[in-house]
Amino acid sequence: MKNYLDIAPEVAQALAQGKPVVALESTIISHGMPYPQNVEMAAKTEQVIRDHGAIPATIAIMDGQLKVGLSPDDIEKLAQAGLDAAKVSRRDMAFIVTSKAIGATTVASTMIIAAMAGIKIFATGGIGGVHRGAAQSFDISADLEELANTDVAVICAGIKSILDLGLTLEYLETKGVPVIGYQTDSLPAFYARASQFNVDYNLQTPADIAQALTAKWQMGLSGGAIIANPVPLEAAMPEAEINQYIQQALQEAAQQNVKGKDTTPFLLARVSELTKGKSLATNIALVLNNAKLAAQIAIAYQAQ
Ligand code: PSU
Ligand code: MN
């Protein structure tokens, strides 16, 4: 039986030797940021993980394979493809494999492929969630369902306020997904370090987080966890400023009837344009910050 999995030799060796590995998604590259900042961000993120003692594994679908660990050429290809790459969630995986198209993996599909490869720790910028107005649109990211089911911890900068933070937390509670704050009681809101919502648990060290994850999975409590890491202070954006642009982007999305999987990329790109790239710089800074914490957690997890 084919397993469709193509694990890069360096990643396979690290996994076989019990070394820390951090998974990275690729939709953030193709659909989350413009070229060439996206390819620079991807390379820097991998470097930060190496600098902190772990092995990076960027994940995408290419040449009919679920690829775990991309070459610089692969990343360049994806970054240049941009919105022409397929945005792949759970429902799309089989079709992008069989058509041999270039597939950028979201948090959901990256979690699935990471779990297949045996990687437990995954760093990204922001996750999908319950969209504002979801009572009408029904737009709830498949990321949340994956967090409910798949044993991978996702290190992110909290929940972006293009989403409904309160409803996202309610959904996660229902599905039994813990939201851990790294050295924070307040749920980080991506561009901002805090929000009006609280995390479930405030843990102080990567070792504390690794211990909790180990206990959860050893007890057979399946599913993921969110580790919410506030954006570094010097890169954070004033909340009032960013909220005004988010509001405008949301209005434009409604006017232009943007729907389904196009919604998140549209909002990300519009907010970046409206802030004249300021939000992009914040986005890159927080991804690098998450990569560092993810490497530290991966190391602590392997040491359990
Ligand atoms: N949020 C961000 N940046 C991103 C994404 C979300 O701040 O790049 C991407 C991730 O790949 C996430 C996906 O998994 O968008 C969610 O898309 P949707 O809302 O269509 O499920
Ligand atoms: Mn959606």
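Given the structure is predicted, the values throughout are model-derived calculations rather than measurements. (Residues numbered from 1 in each chain as written. Chains lettered and ligands numbered in written order. Predicted model: local features only at pLDDT ≥ 70, side-chain atom pairs only at ≥ 80, totals over all residues. Heavy atoms only, no water.)

Brief notes about the site of ligand 1
Reasoning step 1: Near ligand 1, the surroundings consist of 15 residues, among which Glu25, Lys87, Ser141, Asp143 and Thr264 are the closest.
Reasoning step 2: Between ligand 1 and Lys87 there is a distance of 2.7 Å, counted from an oxygen atom to a side-chain nitrogen or oxygen.
Reasoning step 3: Protein chains bury 94% of the 480 Å² of accessible surface belonging to ligand 1 in isolation.
Reasoning step 4: The set of elements that each furnish at least two residues to the shell around ligand 1 consists of helix H2 (27-30) and helix H12 (263-274).
Reasoning step 5: Its residues placed into classes, the shell around ligand 1 shows 4 nonpolar, 7 polar and 4 charged. (Near = heavy atom within 4 Å. Polar contact = N/O pair within 3.5 Å; in protein donor to acceptor, adjacent residues only side chain to side chain. Areas by Shrake-Rupley, 256 points an atom, 1.4 Å probe, with all protein chains shown as cover. Helix = DSSP H or I, 4+ residues; strand = E, 2+ residues; numbered from the N terminus. Nonpolar A, V, L, I, M, F, W, Y, C, P; charged D, E, K, R; others polar.)

So, the packing of helix H11 (residues 239-255) against H12
Reasoning step 1: Look at H11 against H12: their axes get within 9 Å of each other, and the N-to-C directions meet at 130 degrees. When the axis of H11 is compared with that of H12, the two are oblique. The hand of the H11/H12 crossing is right-handed. Packed against H11, whose contacting residues are Ile242, Tyr245, Ile246, Gln248, Ala249, Leu250, Glu252 and Ala253, the element H12 presents Phe266, Leu267, Arg270, Val271 and Leu274 at the interface.
Reasoning step 2: Of the residues belonging to the contact of H11 with H12, the class tally is 10 nonpolar, 1 polar and 2 charged. (Axes fitted to C-alpha atoms, helices over the stretch in contact; angles between N-to-C directions. Parallel < 35°, antiparallel > 145°, perpendicular 65-115°, else oblique. Left-handed = near helix turned anticlockwise from the far one by under 90°. Contact = heavy atoms within 4.5 Å.)

Concerning the pairing of strand E11 (residues 225-228)
The two faces of a sheet get side chains in turn, since along a regular strand they alternate between them.
Reasoning step 1: Burial along E11 is two-sided: Ala225 and Ile227 facing one way and Ile226 and Ala228 facing the other are all buried.
Reasoning step 2: The sheet contact formed by strand E9 (residues 179-182) and E11 spans 3 bridges and is parallel. Residue pairing in the sheet places Ile180 in a bridge with Ile227 of E11. (Buried < 20%, exposed > 50% of the residue type's maximum accessible area, 1.4 Å probe, protein only. Pairing = 2+ DSSP bridges.)

With respect to unusual backbone geometry
Reasoning step 1: Omega for the peptide link from Tyr35 to Pro36 comes to 5 degrees, which places this bond in the cis form.
Reasoning step 2: Examined against the element boundaries, Pro36 turns out to sit in the loop between H2 and helix H3 (37-51).
Reasoning step 3: With a phi close to 60 degrees, Lys100 is a non-glycine residue in the positive phi region.
Reasoning step 4: One can find Lys100 in the loop between helix H5 (93-99) and strand E6 (103-105).
Reasoning step 5: With a relative accessible area of 59%, Lys100 lands in the exposed category.
Reasoning step 6: At Phe190, a residue that is not glycine, the phi angle is positive and equals roughly 65 degrees.
Reasoning step 7: One can find Phe190 in the loop between E9 and strand E10 (201-203).

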